[in-house]
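Residue strings, one per chain:
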Amino acid sequence: NLFFNGLFVGSRGSGKSYSVVKIIREFEKSKMISGQGEHEIRTILISPTYDANKPLFDNLKSLDENDIYETYSEAILEKIIDDIKRYIKTKIKL
């Protein structure tokens, strides 16, 4: 299974959102392929500046509105991890 986790940290206006969108768009264009074939790309965003950067994030085909979190908490992270585990179990059964 292919997973990519990223943490982008920098001062305000340093281009964090722009950089992450640019990287993800490259993955979307190039596709994720392994010996098992092509893999679906799913983007999960945790960003308190989502509203301010919405036009930028709207360029991501792999970002579903249900995968956008504007605040961080341990509970949200646990929910995301549990959701990914369920998704993997579903894919393995297929």
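Residues numbered from 1 in each chain as written. Predicted model: local features only at pLDDT ≥ 70, side-chain atom pairs only at ≥ 80, totals over all residues. Heavy atoms only, no water.

Listed in full, the nine residues of the largest apolar core are Val20, Val21, Ile24, Leu45, Tyr50, Phe57, Leu60, Leu63 and Ile68. Put simply, the parts of the chain that give this core at least two residues each are helix H1 (16-30) and strand E4 (63-69). For this core, the leading source of residues is H1, giving three residues. Excluding its chain neighbours within four sequence positions, the residues that come into contact with Leu63 are Thr43, Leu45, Phe57 and Ile68. (Core = buried A, V, L, I, M, F, W, Y, C linked by side-chain atoms within 4.5 Å. Buried < 20%, exposed > 50% of the residue type's maximum accessible area, 1.4 Å probe, protein only. Helix = DSSP H or I, 4+ residues; strand = E, 2+ residues; numbered from the N terminus. Contact = heavy atoms within 4.5 Å.)

The subject of this paragraph is the pairing of strand E3 (residues 43-46). Residues Thr43 and Leu45 point to one face of E3 and are all buried, whereas Ile44 and Ile46, pointing to the other face, are not buried. Sheet analysis places E3 next to E4, joined by three bridges and oriented parallel. Within E4, the residue paired with Thr43 across the bridge is Leu63. (Pairing = 2+ DSSP bridges.)

Okay, the environment of Ser47 next. Secondary-structure assignment places Ser47 in the loop between E3 and helix H2 (54-57). The class for Ser47 is buried, based on a relative accessible area of 8%. Sequence spacing of Ser47 and Ile68 is 21 residues, and the spatial spacing of their C-alpha atoms is 7.8 Å. Apart from residues lying up to four places away in sequence, Ser47 is in contact with Tyr69 and Glu70.

Before going further, it helps to spend a moment on a nonpolar patch on the surface. Together, Ile46, Tyr72, Leu77 and Ile81 line one region of the surface with nonpolar side chains, adding up to about 330 Å² of accessible area. By secondary structure assignment, the location of Leu77 is in helix H3 (residues 74-93). Using a relative accessible area of 30% as the deciding quantity, one classes Leu77 as partly exposed. (Patch = residues over 30% accessible without salt bridge, like charges linked within 9 Å, V, L, I, M, F, W, Y side chains within 5 Å. Areas by Shrake-Rupley, 256 points an atom, 1.4 Å probe, with all protein chains shown as cover. Salt bridge = Lys/Arg side-chain N within 4 Å of Asp/Glu carboxyl O.)

Turning next to the packing of aromatic side chains. Per the stated rule, a full pass over the model turns up one aromatic pair. Here Tyr50 and Phe57 contribute two aromatic rings whose centre-to-centre distance is 5.9 Å and whose plane-to-plane angle is 20°, an arrangement assigned as stacked. Summarising the burial analysis for this pair, Tyr50 and Phe57 share the class buried. (Phe/Tyr/Trp six-rings, centres within 6.5 Å; stacked < 30°, edge-to-face > 60°.)

With that settled, consider H1. Its 15 residues place the ends of H1 21 Å apart at the C-alpha level, agreeing with the 21 Å of an ideal helix rising 1.5 Å per residue. Turning to H1, its buried residues number three or more, namely Ser17, Val20, Val21, Ile24 and Glu28. Considered in projection along H1, the buried side chains sweep an arc of 100° and stay on one side of the axis. The exposed set on the far side of H1, more than 90 degrees from its buried face, consists of Tyr18, Lys22 and Lys29. On its buried face, H1 is in contact with E3 and H2. Immediately beyond the C-terminal end of H1, within one or two residues, lies Lys31, with a positive phi of roughly 75°. (Expected span 1.5 Å × (residues − 1). Arc of directions from axis to C-beta.)

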